[in-house]
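Inside the fold
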Amino acid sequence: MQFVEFAAICKKIEEIPGRLETADILAAEFPHLSEEELPVFVRFMRGKLFPDWSSEKLGFGPSLLYDALAYVIGKKRSYVVSAINNAGDVGKVVETLLEKREQTMFFSEELNLLNVYDRFLLMAKTSGRRTQQERLRSAQYLLSNATPLEGRYLARLMLEEMRIGVGEGVVKDAVAKAFGVLPETVEHAHQALNDLGQVAVLAKTDPARLFDVHITIFRPVKMMLAQQGSISAMVATHGKIAAENKYDGSRFQFHKANGKAAIYSRRLEDMTASLPDVVEMLNLATTHDVIIDGEVIAMMNGKPMPFQTVLRRIRRKHDIGGAADAITLCPRVFDILVLDGETLIDMPFTRRREILESVLTDYVAPQIVSDSVDELETFYHESLDRGNEGMMLKVLDSPYLPGNRGKYWIKIKPEVDTIDLVVIGAEWGEGKRAKMFGSFLLACQDETGRLLEISRVATGIDDSMLAALYDLFKDRIISEKGKTVFFEQDVVFEVGYAELQKSTNYAAGYALRFPRFIRLRDDKDVSEIETMESLTRRYSLQNKEE
Ligand code: AMP
């Protein structure tokens with residue numbers, strides 16, 4: 001497929017509002033693509049360059065993009081930056097600037113889906129001293145061969161932000177429709193493979209194999225997630241139920257096979273090099289090839305330390321020896337997904353738990369099973385007293401559903417009214433904070449992944465956090481309008497609030513009353529932020545309690 005055709009499809013989708021029409025357009029295209037093109041097309045549509053399990057990163061931010069564009073149109077960088085500041089949408093600015101240059105344009109090579117993908121792969125794999133120059137050269141090459149419309153989508157791909165309203169759900173529907181398979185089958189295969197591109201290829205070439213997919217070691221799958229709920233409702237629905245501590249740590253997935261081991265974060269980044277001690281502990285605790293799921297907590301003098309301490313320790317990659325001495329990290333394992341090549345996720349939780357206990361000599365998270373609300377409440381309070389964040393309740397006969405935030409895992413914690421939102425911009429501060437960002441603009445997402453502004457947060461951020469946030473966001477500025485700056489949309493805040501209110505001031509239709517910064521959730525991906533569906537549920541729950 002030529003890249004111009006790809007760009008034309010993106011434009012068409014961007015201009016229609018409906019999810020159904022989008023799935024139809026995609027489903028009509030899929031059968032015409034080759035086996036090599038199909039996975040690339042599927043990923044690109046969602047603004048992903050590589051499979052979801054892959055740790056590969058393009059390593060390309062807005063700053064390099066501005067340099068590349070300035071070079072290609074023969075203007076100064078400041079000219080590009082001011083055009084972007086005025087318009088806001090990077091993709092459209094690239095398109096306009098390339099349009100102006102068109103008369104003098106000379107096509108040396110036509111771009112197609114596969115040569116663009118190869119170029120991205122080359123950029124990701126570049127390493128060494130001249131990495132940035134090499135990446136810049138590749139971006140210049142792509143943009144100088146692009147038509148204006150291609151430029152719009154190339155730029156968005158380079159920033160991995162397509163934002164044309166194609167979410168995971170739409171792609172799954174389209175795969176099912178295009179190849180005549182059930183959406184549940186697509187969903188099930190996707191949970192184990194964690195790459196919609198590969199799922200689409202299987203659906204096209206050998207749909208029967210969708211029923212028999214296995215998790216591959218060293219290709220992390222998404223973590224199963226929890227919903228909020230109550231002890232009494234869970235007991236009323238399920239009777240006997242499992243309860244565990246809710247650890248205030250950092251989620252991990254540990255893989256071991258053929259003498260090798262790796263550990264991945266909740267965002268599926270490979271953390272093996274930064275957590276050598278945890279890898280070693282788990283490696284020694286089993287002789288089997290496994291994928292296990294757990295939480296790593298920080299301990300000091302036998303007491304659990306707060307979550308942020310663990311993150312600080314993990315980020316300090318360069319000083320692993322020293323940092324590891326000061327705080328002890330300790331894994332707590334609560335699930336097993338693969339044992340010696342066999343995928344276990346469809347087994348009931350109780351069976352997986354038995355297997356886990358039989359193959360891991362240490363670190364298995366303690367658990368009680370009970371149908372007594374009193375006993376579970378006591379366990380909850382004891383868990384808090386032990387320094388944990390709360391309690392997890394898990395349904396005994398539930399499968400492991402990667403990436404699912406369903407009704408099988410319920411979290412019980414004291415502070416219910418916090419919400420995860422993505423930071424989309426900020427306003428410059430005033431007075432002594434004039435050179436810092438004063439308040440941050442926050443957004444939730446609708447079911448297609450479109451971001452909708454919901455509130456601003458300025459309180460709860462002390463001076464040192466404010467400085468840290470300035471450092472974090474200063475290189476993420478995409479555009480600036482008056483006192484407001486807009487950022488790359490990849491940082492998640494956990495925010496507390498007193499009440500959710502209906503509001504016409506924000507695109508989400510809701511606003512937070514008394515929003516307060518709680519913490520930076522750099523373990524969370526933007527796809528995990530609050531959805532409109534869950535906001536609506538929060539709103540009705542809140543008003544029912546009143
Ligand atoms: P939250 O981040 O508030 O949505 O809560 C879900 C998170 O709790 C999971 O992603 C885990 O990182 C963490 N967690 C802590 N203890 C457990 C446990 N025993 N079982 C499952 N998840 C746990």
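Residues numbered from 1 in each chain as written. Predicted model: local features only at pLDDT ≥ 70, side-chain atom pairs only at ≥ 80, totals over all residues. Heavy atoms only, no water.

1. Description of the sheet that holds strand β10 (residues 390-394)
Pairing in this open sheet of 5 strands is mixed, and the strands run β1-β11-β10-β2-β9 from one edge to the other. Of all the strands in the sheet, the pair left with one neighbour each is β1 (225-228) and β9 (367-370). The sheet shows a mean angle of 40 degrees between the axes of neighbouring strands, direction not considered. Judged from the 5 bridges that link them, strand β2 (residues 241-246) and β10 form a sheet pairing that is antiparallel. Bridged to A242 within β10 is K394. (Pairing = 2+ DSSP bridges. Helix = DSSP H or I, 4+ residues; strand = E, 2+ residues; numbered from the N terminus. Axes fitted to C-alpha atoms, helices over the stretch in contact; angles between N-to-C directions.)

2. Here's the deal with the packing of aromatic side chains
Within a pair of aromatic rings, the relevant descriptors are the distance that separates the centres and the angle that separates the planes. Applying the stated criterion across every chain, the model contains 20 aromatic pairs. Residues F44 and F120 carry aromatic rings whose centres are separated by 5.9 Å and whose planes lie at 65 degrees to one another, so their mutual orientation is edge-to-face. Residue F44 is found in helix α3 (residues 37-45), and its partner F120 is found in helix α7 (residues 113-125); the two are separated by 76 residues along the sequence. Taken individually, F44 and F120 each receive the classification buried, so the pair is uniform in this respect. Between F473 and F493 the ring centres are 6.3 Å apart and the planes differ by 75 degrees, which places this aromatic pair in the edge-to-face class. Of this pair, F473 sits in helix α19 (residues 463-473) while F493 sits in strand β17 (residues 492-496); the two residues are 20 residues apart in sequence, bridging distant segments of the chain. (Phe/Tyr/Trp six-rings, centres within 6.5 Å; stacked < 30°, edge-to-face > 60°. Buried < 20%, exposed > 50% of the residue type's maximum accessible area, 1.4 Å probe, protein only.)

3. Observations regarding unusual backbone geometry
In the Ramachandran plot, E160 falls in the positive-phi region, its phi being about 50 degrees despite a non-glycine side chain. As for its placement among the helices and strands, E160 is situated in the loop between α9 (148-158) and α10 (168-179). Within the chain, Y363 stands out as a residue other than glycine whose phi angle is a positive 75 degrees. Here Y363 lies in the loop between α17 (349-359) and β9. The class for Y363 is buried, based on a relative accessible area of 18%.

4. Some details on the domain arrangement of the protein chain
The domain architecture assigned to the protein chain consists of domain 1 (3-158), domain 2 (225-412) and domain 3 (418-545). Relative placement of domain 2 and domain 3: their C-alpha centres are 28 Å apart. Opposite the 11 residues of domain 2 that make contact, domain 3 presents 10 residues. Each partner contributes to the roughly 1000 Å² buried at the junction of domain 2 and domain 3, and carbon and sulfur atoms together form 33% of this total. One can count 4 salt bridges joining domain 2 with domain 3. Here domain 2 is connected to domain 3 by 4 residue pairs in polar contact (both at pLDDT 80 or more). Looking at the side of domain 2 that touches domain 3, the elements that each hand over two or more residues are β1 and α15 (307-315). It is α15 that provides the largest number of residues to the side of domain 2 that touches domain 3, a total of 4 residues. Residues of the side of domain 2 that touches domain 3, tallied by class, amount to 3 nonpolar, 2 polar and 6 charged. (Domains from an automatic or database assignment. Contact = heavy atoms within 4.5 Å. Buried area = accessible area lost by both parts, 1.4 Å probe. Salt bridge = Lys/Arg side-chain N within 4 Å of Asp/Glu carboxyl O. Polar contact = N/O pair within 3.5 Å; in protein donor to acceptor, adjacent residues only side chain to side chain. Nonpolar A, V, L, I, M, F, W, Y, C, P; charged D, E, K, R; others polar.)

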